[in-house]
Amino acid sequence: MKISPFFLRTDLRRVGLIATLLVPLGLLHALVLAEICIVVTDIMFLTVMVKERNFTWARQPWFVVALIWWGWLVLCTLRLPEIGLVTAGWRMGFLGALIVIRLLLFAVALQSWVLTTPRARRALWLMLALSCLWIGIESWQQYLTGHNIFGDPRWSDGALTGPFFKPRAGALYGHLLFAAVLPPMMWLYGRTRSWQHFAGLGLAVLGVATAVLIGQRMAMVDVAVSLMLVALFVAPLRGVVTIAVVVGALVLAATPIISPPTYGKLVGETYRNLSHFSLSPYGELYTRGITMGLASPWHGWGYNGFRAFCPQERFATGFPAFGVAPTKIALGACNLHPHNYYVQALTDAGVPGLILFILLNLAWLKAVVPNFSRAIAPMQLGVFIGVGTFLWPFGSTDEFPTLYMLGWFFLLLALALPSRVRR
């Protein structure tokens, strides 16, 4: 019996949704599973689009800019000594740059094919919310008992690691928190009973207090920025935001007693870094990265170029004219990446690469910004805040786009993007 193409498409989309819903689990505890699910979704999406001869999704402004940025990154990662293009080369960089396309395709596949129904979008939101809840529960378990469910203690610097071995919980929790809690919080505040309002307030306060106790600086900054955005765009929640900020400040003030390692990390180390920022590990990294970018302004050093070339002494000059001392590897000037997406864009692909990366981020933000002239859906605002905290240029980040953190960004981006592309 011949199978109708309609049912074939429907079944493939269902498989794509199942694969997508497994990605958060993979990003938490099995990166190979996440990679497989992303690639499977990409292949099925392209197969269906080719059969339908539907390529409108590829003409979206953000996707066009993304392809141009990706193409330039790949070109800058080619090793062509005969024209003076010396980069990290095939082994360290070219393959990594080439497979970045899988994440761009994954985002557009979710937007244009997998998440085109409210039910599918709610299902993915639920997986993200459960992931945030899991991180919060494991952080509290580690705080109260000294170990998470896997037996891992706090990190050596005092940060809570949540369900992870390394201190990854804070940054991820900060990005996911408001995408996860805004829908239930606004639902509770839309009810009529007082206990429901108190429950919504408790959800916000608990979320902020957990971010403080995790003890990672960028998570706190992301949560602070998110609270300001909520207060700006949702007038009925400004009182809740104010109380959450006050409680968060009180928890921070109490950390010398209730969690001395958190105090040492959030207050002591932050003060030391900011008082001599250029000599801090982050200042050293950023200075070294900018120096590398300016040394090869047209094409940078290719993907993974920072990792490959950073130790070379010629990049240790600093900026004496601006009072920035020469950098030293012993102070942390070199690492696997420069810990900032925009500095990385400069070192990877020069000034053109940085400009294209900025344009890509602006295109993403333009595509996902809510329509503030009418009521904003809580999930839409929550995922917009999540995308924004990933893309803002100030602060320490992971390598772009390393999967274990940026996989979450592309899930949030797909939820934030308009769910249908006109044929």
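Anything mentioned here points back to the structure above.
Residues numbered from 1 in each chain as written. Predicted model: local features only at pLDDT ≥ 70, side-chain atom pairs only at ≥ 80, totals over all residues. Heavy atoms only, no water.

Q: Just checking my understanding: could you explain the layout of surface pockets for this structure?
A: Summary: where empty space remains is shown by rolling a probe the size of a single water molecule over the atoms. If you add up the space inside the largest pocket, you get close to 1500 Å³. Elements supplying a minimum of two residues to the lining of the largest pocket: α7 (169-189), α9 (217-233), α11 (260-275), α12 (281-295), α15 (378-391) and α16 (403-416). When residues in the lining of the largest pocket are grouped by element, the largest group, seven residues, is from α11. Per-class residue counts for the lining of the largest pocket are 25 nonpolar, 14 polar and ten charged. Of the voids in this model, the second largest pocket is the one considered here, and its volume is about 340 Å³. For the second largest pocket, the lining is made up of 18 residues, of which Cys132, Leu133, Tyr173, Val181 and Leu203 are closest to its centre. Elements with a contribution of two residues or more to the lining of the second largest pocket: α6 (118-145), α7 and α8 (194-214). When its residues are assigned to classes, the lining of the second largest pocket shows 15 nonpolar, three polar and no charged. (1 Å grid on protein atoms, 1.4 Å probe; cavity = no way out; pocket = protein on both sides within 12 Å on 5 of 7 lines; lining within 4 Å. Points joined across faces, edges and corners; volume = space filled by probe spheres on them. Helix = DSSP H or I, 4+ residues; strand = E, 2+ residues; numbered from the N terminus. Nonpolar A, V, L, I, M, F, W, Y, C, P; charged D, E, K, R; others polar.)

Q: Just to check I follow, could you spell out empty space enclosed by the protein for this structure?
A: Within the structure shown, the criterion is met by two cavities of 30 Å³ or more. Estimated volume of the largest cavity: approximately 60 Å³. Among the elements that take part in the lining of the largest cavity, helix α14 (residues 341-368) stands out by supplying six residues, more than any other. In terms of residue class, the lining of the largest cavity is made up of seven nonpolar, one polar and one charged. Space inside the second largest cavity adds up to approximately 30 Å³.

Q: Any chance you could explain α9 here in plain terms?
A: An α-helical turn contains 3.6 residues, so any two residues separated by three or four positions project in the same direction. The end-to-end C-alpha distance of α9, which contains 17 residues, comes to 25 Å, matching closely the 24 Å that a straight helix rising 1.5 Å per residue would cover. Of all the positions in α9, only Arg217, Ala219, Asp222, Val223, Ser226, Leu227, Val230 and Ala231 are classed as buried. Of the surrounding secondary structure, the elements contacted by the buried residues of α9 are α7, α8, α10 (238-258), α11, α12 and α15. (Expected span 1.5 Å × (residues − 1). Buried < 20%, exposed > 50% of the residue type's maximum accessible area, 1.4 Å probe, protein only. Contact = heavy atoms within 4.5 Å.)

Q: Would you take a moment to explain the pattern of salt bridges for this structure?
A: Pairs can form between side chains of opposite charge once their charged atoms are near each other. By the definition in use, this model includes six salt bridges. Between Asp157 and Lys265 there is a salt bridge; the shortest N-O distance is 2.7 Å. Note that Asp157 is positioned in the loop between α6 and α7 and Lys265 in helix α11, a separation of 108 residues in sequence. Looking at Asp157, the relative accessible area reads 26%, which means it is partly exposed. Residue classification places Lys265 among the buried residues on the basis of a relative accessible area of 10%. Among the ionic contacts, a cluster of salt bridges with common partners joins Asp157, Arg217, Lys265 and Glu269. (Salt bridge = Lys/Arg side-chain N within 4 Å of Asp/Glu carboxyl O.)

Q: I would appreciate a short explanation of a nonpolar patch on the surface in the present structure.
A: Together, Val351, Ile355, Ile358, Leu359 and Leu362 line one region of the surface with nonpolar side chains, adding up to about 410 Å² of accessible area. Mapped onto the fold, Ile358 is located in helix α14. Residue class for Ile358 comes out partly exposed when judged on its relative accessible area of 35%. (Patch = residues over 30% accessible without salt bridge, like charges linked within 9 Å, V, L, I, M, F, W, Y side chains within 5 Å. Areas by Shrake-Rupley, 256 points an atom, 1.4 Å probe, with all protein chains shown as cover.)

Q: I tried to follow unusual backbone geometry on my own but got confused; where do I start?
A: Working note: non-glycine residues mostly have negative phi, and peptide bonds are mostly trans. Residue Pro401 is bonded to the preceding Phe400 through a cis peptide linkage, with omega at -5 degrees. Structurally, Pro401 is set in the loop between α15 and α16. Of note in this structure, Asn304 is not a glycine but carries a positive phi near 75 degrees. Tracing the sequence through the fold places Asn304 in the loop between α12 and α13 (305-309). Overall, the relative accessible area of 10% leaves Asn304 in the buried class. The phi angle at His339 is positive, at roughly 65 degrees, despite the residue not being glycine. Along the polypeptide, His339 turns up in the loop between α13 and α14.

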